[in-house]
Amino acid sequence: QPRLVESGGGLVQPGGSLRLSCLASEISLDYYSIGWFRQAPGKEREKVSCISSNDDQIYYADPVKGRFTIFRDKAKKTVYLQMNSLKAEDTAIYYCAAPRGYCRMKPDYWGQGIQVTVSS
């Protein structure tokens, strides 16, 4: 059964770092792109990053450019989101999702989400 599972979230102080992991089971990273989304209280869900299945094209939303890095380990069937210089406004539930083909496509699969809290 296709499945995405996030891990690596938690509580961190402003300026700190976290690395999120998205483990893809029964989902080929050769055919599915992986995107990271987040939703903060009172705000709409937003896409923060995505790595393409075919050409290794990478997308970052403006608020995270220069601070977040997305990368993939196909042998481990895992996509990571390295988050540095974290700010309070990064606090949200983070989800990974898998669209078939390009990052712009609607995701077919979603993870359950994981909490990231940036606070002193």
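## What to know about the packing of aromatic side chains
Part 1 of the reasoning: By the definition in use, this model includes four aromatic pairs.
Part 2 of the reasoning: Consider the rings of F71 and Y80, whose centres lie 5.0 Å apart with planes at 20 degrees: the pair is stacked.
Part 3 of the reasoning: Pairing Y95 with W110 gives two aromatic rings, centres 6.3 Å apart and planes at 80 degrees, and the pair type is edge-to-face. Here Y95, found in strand 9 (residues 92-98), pairs with W110, found in strand 10 (residues 109-110); they are 15 residues apart in sequence, far enough to count as distant.
Part 4 of the reasoning: According to the relative accessible area criterion, Y95 is buried, its value standing at 18%.
Part 5 of the reasoning: Ring-pair connections join several aromatic residues into one group, and the members of that group are F37, Y95 and W110.
Part 6 of the reasoning: The ring of F37 has R45 sitting right over it, with the charged end atom 5.9 Å from the ring centre.

## A few points about the state of the cysteines
Part 1 of the reasoning: Summed over the entire model, instances satisfying the criterion amount to two disulfides.
Part 2 of the reasoning: Each sulfur in the disulfide pair C22 and C96 lies 2.2 Å from the other. In this structure the cystine formed by C22 and C96 twists about its S-S bond by roughly 75 degrees; its chirality is therefore right-handed. Residue C22 is located in strand 3 (residues 18-25), and its partner C96 is located in strand 9; the two are separated by 74 residues in the primary sequence.
Part 3 of the reasoning: Here C22 falls in the buried class, since its relative accessible area comes to 1%.
Part 4 of the reasoning: Numbered in order of appearance, the disulfide-bonded cysteines of the protein are paired 1-3, 2-4.

Cut-off values and rules
- Residues numbered from 1 in each chain as written.
- Predicted model: local features only at pLDDT ≥ 70, side-chain atom pairs only at ≥ 80, totals over all residues.
- Heavy atoms only, no water.
- Phe/Tyr/Trp six-rings, centres within 6.5 Å; stacked < 30°, edge-to-face > 60°.
- Helix = DSSP H or I, 4+ residues; strand = E, 2+ residues; numbered from the N terminus.
- Buried < 20%, exposed > 50% of the residue type's maximum accessible area, 1.4 Å probe, protein only.
- Lys NZ or Arg CZ within 6 Å of the ring centre and 35° of its normal.
- Disulfide = S-S within 2.5 Å.

Coordinates in, geometry out; function isn't part of it.
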